[in-house]
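# Descriptive analysis of the structure
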Amino acid sequence: MGRMLTRAIGGVTAALLLGAAGVLVTPDAGSGSALPSGDAAMRSMAVVRPAATSTSGPYGLHPADIADAYGLTGGVVGATVAVVIPYDTPTLESDLAVYRSRLGLPACTTANGCFQKVDQNGGTSYPTTDVDWSTEASLDVDAVSAACPACRILVVEAANNGTIALGTAVNRAATMGAAAVSMSWGGSETSSSGYWQSRFFTHPGVALVAATGDDGYQPASFPASLSTVIAVGGTTLSSTSASGAARQDSGARGAIRVSNGDASAASALTAPQEHLVALARAKAELAKATTRSASAAKSAASAKRAAATAQKRLTTARTALKKAVSRAKHHPSATARHAVKKAKATASARQKAARKAASTAAARKRTATTAAKAVRTLTAAVAAAQAVVDQDRKTAADPIADPPVVANPPATTAPPAPPAPALPTVRSTWMETAWSGAGSGCSTATAKPAWQTDSACAGRTVADLAADADPQTGIAVYDTFGTIAAGYTDDGWMVAGGTSLAAPLVAGMLVRSGHAADYSDASRLYARAGSFWDVTAGANGVCGGSVVCTAAPGYDGPTGVGTPKSLDSF
């Protein structure tokens, strides 16, 4: 989780910064319009890193790995997992098709009834596009596919990243039959959290699953901190098998976080990193400008044809008027005079129509010319940005180096220090530890639920359970529209993590288990705590040894009751 950061909308540049664990933080993108009074912006919880593909497929964990790590076999078929995300990703279905085909999953399309994308009102008036949030969207649907290949996927696109729009989308997902709703976004708690819970985040019989964030031990994030939401923390899931380890060792350099940040915490990026992001933005703007130009050219051509038709109609009317005047001169009569009057009126009306059509055609031609000029300008900008990136790659030994770490300590008076090493939890060919970036913390807005008995926090403690979230052990994801794919990978494949990965994984597992209706809150998890792998190693901050930030036997903040052993865990 980052903090608030603004960006220039409509341009090709953006403010950037670095967060904890040395990941590159990109701003939370938006339409540029201010949110309504009382609304609050949510942030993405995704962390991704570029990765190449090999002869055995894309680097990163595959659906078969997720199934093996969490014992996923069988389960229900055809139940719906909803993904709520702000803004539109026009390539989402086609990218999902590539992901599922490449990694051996059955097709999930609109045509076969498996995939559906709607706006927050349930229609197809999709919101504006956004390159940053599209990476989050691709991660979410790919993660759901990995956890539940036989589930239907409902994507509900909110108009913006505000609580009201996203909450409206959550309500829409619940009314459209979702068994679980995945929410890979969050923000700070406010005094209105209880109000938002009653308005948007209370759906008996529907599991609401939220990411806890990627900043480690911090004040609990909203909506994960709500008592009606299942808060999903994160682990580092490592394979001890040769094949799994090979896919995780992609050699990818650096990580990019799709989130917000606090400008006051910004650190300088390396020049190659700035150049890569500038190229990505330029490509995204060129794509939008090209679409606008094509539309403007089509509109101008249509207006030109309409103007020509109007001129022909005017010529015909003028010819008819001349004939009427001639007949009236040679054969004067009341009928002839009436015909002349009618012909004059027709000619006058058609002259006005022709002038209007000509004016419209001229205006649309100017618009098309301006749009075409913008395309030429942006094409040149992309070429220039590409040349800079190409030069970086020629002259730098490692053009995409890991960015420097920026300290982001938890809210504590104790000086930050690295957690003490501990033996990981080991099982078969997989081992898990608490991911250092996994969000955990104490809620200041939600009272302690009766089913949560830890003494780490006076209020609700986050998280409830966990799944793989470390971007170094993340899943393969395919995205051709997002910022990362636009300028940071060659073919759209990347390795993705963050609790944005953990949340849709858990949502998919819950629905696949057939018990999603039993999770209107997290109480059942605590009653079945012994059914989960207990993660006892790792930490995500400094908290005086408290379980709120330190993995330990039993419940702890970073991993909750643990990670699923199988679908029977639920």
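Residues numbered from 1 in each chain as written. Predicted model: local features only at pLDDT ≥ 70, side-chain atom pairs only at ≥ 80, totals over all residues. Heavy atoms only, no water.

## Things to note about the overall build of the protein
Heads up, the rule is: Starting at the N terminus, helices and strands are each numbered in turn, a helix being any DSSP run of H or I of at least four residues and a strand any DSSP run of E of at least two. Note on exposure labels: buried denotes an accessible area under 20% of the residue type's maximum, exposed denotes more than 50%, and partly exposed covers the range between, all computed with a 1.4 Å probe on protein chains only. Between two residues, a contact is recorded if the distance between any of their heavy atoms is within 4.5 Å. To measure how exposed things are, a 1.4 Å probe is used in the Shrake-Rupley method; for residues, cover is taken only from the protein chains shown.
A tally of helices and strands in the protein yields 11 helices and 24 strands. Here the protein, with 570 residues, has 54% of them falling under the buried criterion. Considering only residue pairs separated by 6 or more positions, the protein has 82% of its internal contacts joining residues 24 or more positions apart. A total of about 22500 Å² of accessible surface is found on the protein, and carbon and sulfur atoms cover 57% of it.

## Section: the confidence of the model for the protein
Let me state the cut-off plainly: Scored from 0 to 100, pLDDT reflects the predictor's confidence in each residue.
Averaged over every residue, the pLDDT of the protein is 81; residues scoring 70 or more account for 76%. Here residues 1-33 is modelled with pLDDT under 50, and outside its nearest four sequence neighbours on either side it reaches 129 contacts, counting other chains as well. The low-confidence segment residues 397-426, where pLDDT is below 50, has 58 contacts with residues more than four positions distant or belonging to other chains.

## Re the pairing of strand E7 (residues 80-86)
As a reminder, the rule being used: By the convention used here, strands pair only if DSSP detects at least 2 bridges between them.
For E7, a buried count of seven out of seven residues is recorded, marking the element as mostly surrounded by other parts of the structure. A two-sided burial pattern is seen for E7, the buried positions comprising Thr80, Ala82, Val84 and Pro86 on one face and Val81, Val83 and Ile85 on the other. Both E7 and strand E9 (residues 152-158) contribute to a ladder of seven bridges, which runs parallel. Looking at the pairing, Ile85 lines up with Glu157 of E9.

## Topic: the packing of helix H3 (residues 131-147) against helix H10 (residues 499-513)
This is how it is decided: Note on method: axes are straight lines fitted to C-alpha atoms, helices fitted across the in-contact stretch only, with angles between N-to-C directions ranging 0 to 180 degrees. Two helices that cross are described as forming a left-handed crossing if the nearer one is turned anticlockwise from the farther one by less than a right angle, and a right-handed crossing if clockwise. Asp, Glu, Lys and Arg are counted as charged, while Ala, Val, Leu, Ile, Met, Phe, Trp, Tyr, Cys and Pro are counted as nonpolar; the rest, among them Gly, fall into the polar class.
Closest axis-to-axis distance for the H3/H10 pair is 8 Å, and the angle between their directions is 35 degrees. With respect to the hand of their crossing, H3 and H10 are arranged in right-handed fashion. Residues Glu136, Leu139, Asp140, Ala143, Val144 and Ala147 of H3 pack against Ser500, Leu501, Pro504, Leu505, Gly508, Met509 and Arg512 of H10. When grouped by side-chain class, the residues that make up the contact of H3 with H10 number eight nonpolar, two polar and three charged.

## Points about the pattern of salt bridges
Opposite charge on two side chains permits pairing when their charged atoms draw close. Put simply, the rule is: Any Lys or Arg side-chain nitrogen found within 4 Å of a carboxyl oxygen on Asp or Glu counts as a salt bridge.
Overall, the coordinates contain five salt bridges when judged by the stated rule. With a shortest N-O distance of 2.7 Å, Asp88 and Lys117 are connected by a salt bridge. Taken together, the positions of Asp88 in the loop between E7 and helix H2 (92-102) and Lys117 in strand E8 (residues 115-119) put the pair 29 residues apart, joining distant regions of the chain. Two residues, Asp454 and Lys448, come together in a salt bridge whose shortest N-O distance is 2.8 Å. Accessibility expressed as a relative area gives 22% for Lys448, which makes it partly exposed. Bridged by salt links that share partners, the residues Asp88, Lys117 and Glu157 form one connected network.

## As for the state of the cysteines
Quick note on the threshold: Pairs of cysteine sulfur atoms within 2.5 Å are identified as disulfides in what follows.
Within this structure, the stated rule accounts for four disulfides. Cys108 shares a disulfide with Cys114; S-S distance 2.0 Å. What sets the handedness of the Cys108 and Cys114 disulfide is the S-S torsion sign, and at about -90 degrees it is left-handed. The class for Cys108 is buried, based on a relative accessible area of 2%. Given a relative accessible area of 11%, Cys114 falls into the buried group. Covalent S-S linkage joins Cys543 and Cys549, the inter-sulfur distance amounting to 2.0 Å.

## A look at the packing of H2 against H3
Defined as follows: Working definition: roughly parallel below 35 degrees, roughly antiparallel above 145 degrees, roughly perpendicular at 65 to 115 degrees, and oblique for all remaining angles.
One way to put it is that H2 packs onto H3 with a least axis distance of 10 Å and a crossing angle of 40 degrees. By the angle class used here, H2 and H3 are oblique. Viewed along their axes, H2 and H3 form a crossing whose handedness is right-handed. Contacts between H2 and H3 pair Leu92, Asp95, Leu96, Tyr99 and Arg100 from the former with Ala137, Ser138, Val141, Asp142, Ser145 and Ala146 from the latter. Taken together, the residues of the contact of H2 with H3 sort by class into six nonpolar, two polar and three charged.

## Remarks on the sheet that holds strand E11 (residues 185-188)
Taking strand neighbours across the sheet as the criterion, the three strands line up as E3-E11-E13 in an open arrangement whose pairing is antiparallel. Two strands close off the open sheet at either side, each with one partner strand: strand E3 (43-44) and strand E13 (221-222). Bridging between E11 and E13 involves two bridges; their strand directions are antiparallel. Each residue of the ladder has a partner; that of Ser188, found in E13, is Ser221.

## Some thoughts on helix H4 (residues 163-175)
Helical geometry note: an α-helix holds 3.6 residues per turn, so side chains three or four residues apart project in the same direction. The cut-off we apply is this: The span one expects for a helix is its residue count, reduced by one, times 1.5 Å.
Here H4 spans 18 Å end to end across 13 residues, near enough to the 18 Å set by a 1.5 Å rise per residue. Of the residues making up H4, those classed as buried are Thr163, Ala165, Leu166, Gly167, Ala169, Val170, Asn171, Ala173 and Ala174. Of the residues one or two after H4, Gly177 is the one with positive phi, at around 95 degrees.

## Topic: the side chain of Asp140
With respect to the element layout, Asp140 can be found in helix H3. Sequence-distant contacts of Asp140, defined by excluding residues within four places in its chain, comprise Val83, Ile85, Ser184, Ser500 and Pro504.

## Considerations on the environment of Ala296
Along the chain, Ala296 falls in helix H7 (residues 271-330). The exposure class of Ala296 is buried, given its relative accessible area of 9%. A C-alpha to C-alpha distance of 6.5 Å links Ala296 and Thr367, two positions 71 residues apart in sequence.

## Description of the nonpolar core
Quick reminder of the rule: Note on terminology: a nonpolar core comprises buried Ala, Val, Leu, Ile, Met, Phe, Trp, Tyr and Cys residues joined through side-chain atoms within 4.5 Å.
Grouped together as the largest cluster of nonpolar side chains are 100 residues, with contacts concentrated most on Val181, Phe201 and Leu525. If one sorts the elements of this core by residue count, H10 sits on top with nine residues. Setting aside anything within four residues of it in sequence, one finds Phe201 in contact with Gly167, Val170, Met183, Trp185, Trp196, Leu208, Phe222, Pro223, Leu226, Thr228 and Val229. Counting residues in hydrophobic clusters, the runner-up holds eight residues, among them Leu321, Ala324, Ala328 and Ala336.

## Describing the side chain of Thr228
Which entries qualify depends on this criterion: Contacts described as polar in this section are N or O atom pairs within 3.5 Å, which, within protein, must combine one atom able to donate a hydrogen with one able to accept it, while residues neighboring in sequence count only if both atoms come from side chains.
For Thr228, the position within the fold is in the loop between E13 and strand E14 (230-239). Within the structure, the side chain of Thr228 is placed 2.5 Å from the backbone oxygen of Phe201, a separation counted as a polar contact. When near neighbours in sequence (up to four residues on either side) are disregarded, Thr228 contacts Gln197, Phe201, Thr202, Leu208, Ser520 and Asp521.

## Quick notes on unusual backbone geometry
The peptide bond linking Phe222 to Pro223 adopts the cis configuration, its omega dihedral lying at 10 degrees. Residue Ala463 is reached from Val462 by a cis peptide bond, and omega for that bond is 25 degrees. Considering the arrangement of structural elements, one finds Ala463 in the loop between strand E19 (459-462) and strand E20 (465-468). Positive phi values are uncommon outside glycine, yet Tyr87 reaches one of about 70 degrees. Along the chain, the position of Tyr87 falls in the loop between E7 and H2.

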